Amino acid sequence: MKRAAAVLTGLVLLAGCSSSKPSPRADQSPATLLQKARQTADAANAVHFVISSSNVSLSTTNLINGQGDLARPSSLQGSFNVAVSGFTAKVKVVAVGDTFEAELPFASQYKKTDPSEFGLTNPAELLDPANGLVKLLVIAQNPQAGPAQRLNGELLDTVTYSVPGSSIPVLPDENPSVPVKLTVGIDPSTHQLRTVTMVGPLTSAKSNCTYVVTLTDYNEHVSITLPTGS
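Every value quoted in this text rests on a predicted model; they were computed, and no experiment measured them.

1. With respect to the nonpolar core
Okay, so step 1: In this structure, Y161 and M198 are the most contacted members of the largest nonpolar core, which totals 46 residues.
Okay, so step 2: Judged by nonpolar contacts, the second largest core, of six residues, contains V94, Y110, I224 and L226.

Laid out in structure tokens, this is it:
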């Protein structure tokens, strides 16, 4: 909980700690940073994630925030806060491969379910090279250097660009014909992808919302098994 709180605190401070100095550094072009961040992410066997959001539609079922661990090839363990018809519910989740299990509020055990019930595709795919966050680094067109940002003591180089709405992994997109604006934060010394900020009509076709995925603890030791033993 302390780790998640620290990351969320850092996200709140991001805007206030941004620098007007152009980023990335002179010896690393935006395209080079994205390429190296992709290679680093693809080589990681596990990572901790925190998801935050703003302006998410609460009238339908949508992810508000969450945190947990991802492990290769396609495993996840964590918890999500989900908006369901105006109410917010905390759901514990475990996914291994195509099997997704959730423990709903007031339930005493996990149950195999479909992630679409929470407005998602399988979140265990976030580390998948073809369908996860890394895909967003590969399809960048005309990436531009953004302002440097500081997150929990790290000075991140940022790269901004847009991608088709239909390419966003895991999250919904209510108007996929409209491009989604991305800003990715990368540690230029380790080339670890640290933040992915997505702005677009993801939960409402008529208004934009923002999701921020923060990745830390690359290559941590993670062991994930299905609670039901499926």
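2. What about helix 2 (residues 30-43)?
Helical geometry note: an α-helix holds 3.6 residues per turn, so side chains three or four residues apart project in the same direction.
Okay, so step 1: Relative to the 20 Å expected for 14 residues at 1.5 Å per residue, helix 2 spans 20 Å between its end C-alpha atoms, a close match to the ideal helical length.
Okay, so step 2: Within the sequence span of helix 2, burial applies to P30, L33, L34, A37 and A41. The buried side chains of helix 2 occupy one side of the element, clustering within an arc of 95 degrees when seen end-on.
Okay, so step 3: On the buried face of helix 2, the contacting elements are helix 3 (133-138), strand 7 (144-145), strand 9 (154-163), strand 10 (180-186) and strand 11 (193-200).

3. With respect to the pattern of salt bridges
Okay, so step 1: Counted by the stated rule, this structure contains three salt bridges.
Okay, so step 2: With a closest N to O distance of 3.8 Å, K92 and E103 form a salt bridge. Of this pair, K92 sits in strand 4 (residues 87-96) while E103 sits in strand 5 (residues 99-103), and the two are 11 residues apart along the sequence.
Okay, so step 3: Judged by relative accessible area, which is 16%, E103 ranks as buried.
Okay, so step 4: A salt bridge links R194 to E154, with the nearest nitrogen and oxygen atoms 2.7 Å apart. Of this pair, R194 sits in strand 11 while E154 is found in strand 9, placing the two residues 40 residues apart along the sequence.

4. Focus: the pairing of strand 1 (residues 46-54)
Okay, so step 1: Of all nine residues in strand 1, seven are buried; the element is thus mostly enclosed.
Okay, so step 2: Pairing analysis gives six bridges linking strand 1 to strand 2 (residues 62-71), with the strands arranged antiparallel. Along strand 2, the bridge assignment pairs I51 with G66.
Okay, so step 3: Bridging between strand 1 and strand 12 (residues 209-216) involves seven bridges; their strand directions are antiparallel. When the sheet's bridge partners are listed, S52 is paired in strand 12 with V212.

About the thresholds
Residues numbered from 1 in each chain as written. Predicted model: local features only at pLDDT ≥ 70, side-chain atom pairs only at ≥ 80, totals over all residues. Heavy atoms only, no water. Core = buried A, V, L, I, M, F, W, Y, C linked by side-chain atoms within 4.5 Å. Buried < 20%, exposed > 50% of the residue type's maximum accessible area, 1.4 Å probe, protein only. Helix = DSSP H or I, 4+ residues; strand = E, 2+ residues; numbered from the N terminus. Expected span 1.5 Å × (residues − 1). Arc of directions from axis to C-beta. Contact = heavy atoms within 4.5 Å. Salt bridge = Lys/Arg side-chain N within 4 Å of Asp/Glu carboxyl O. Pairing = 2+ DSSP bridges.

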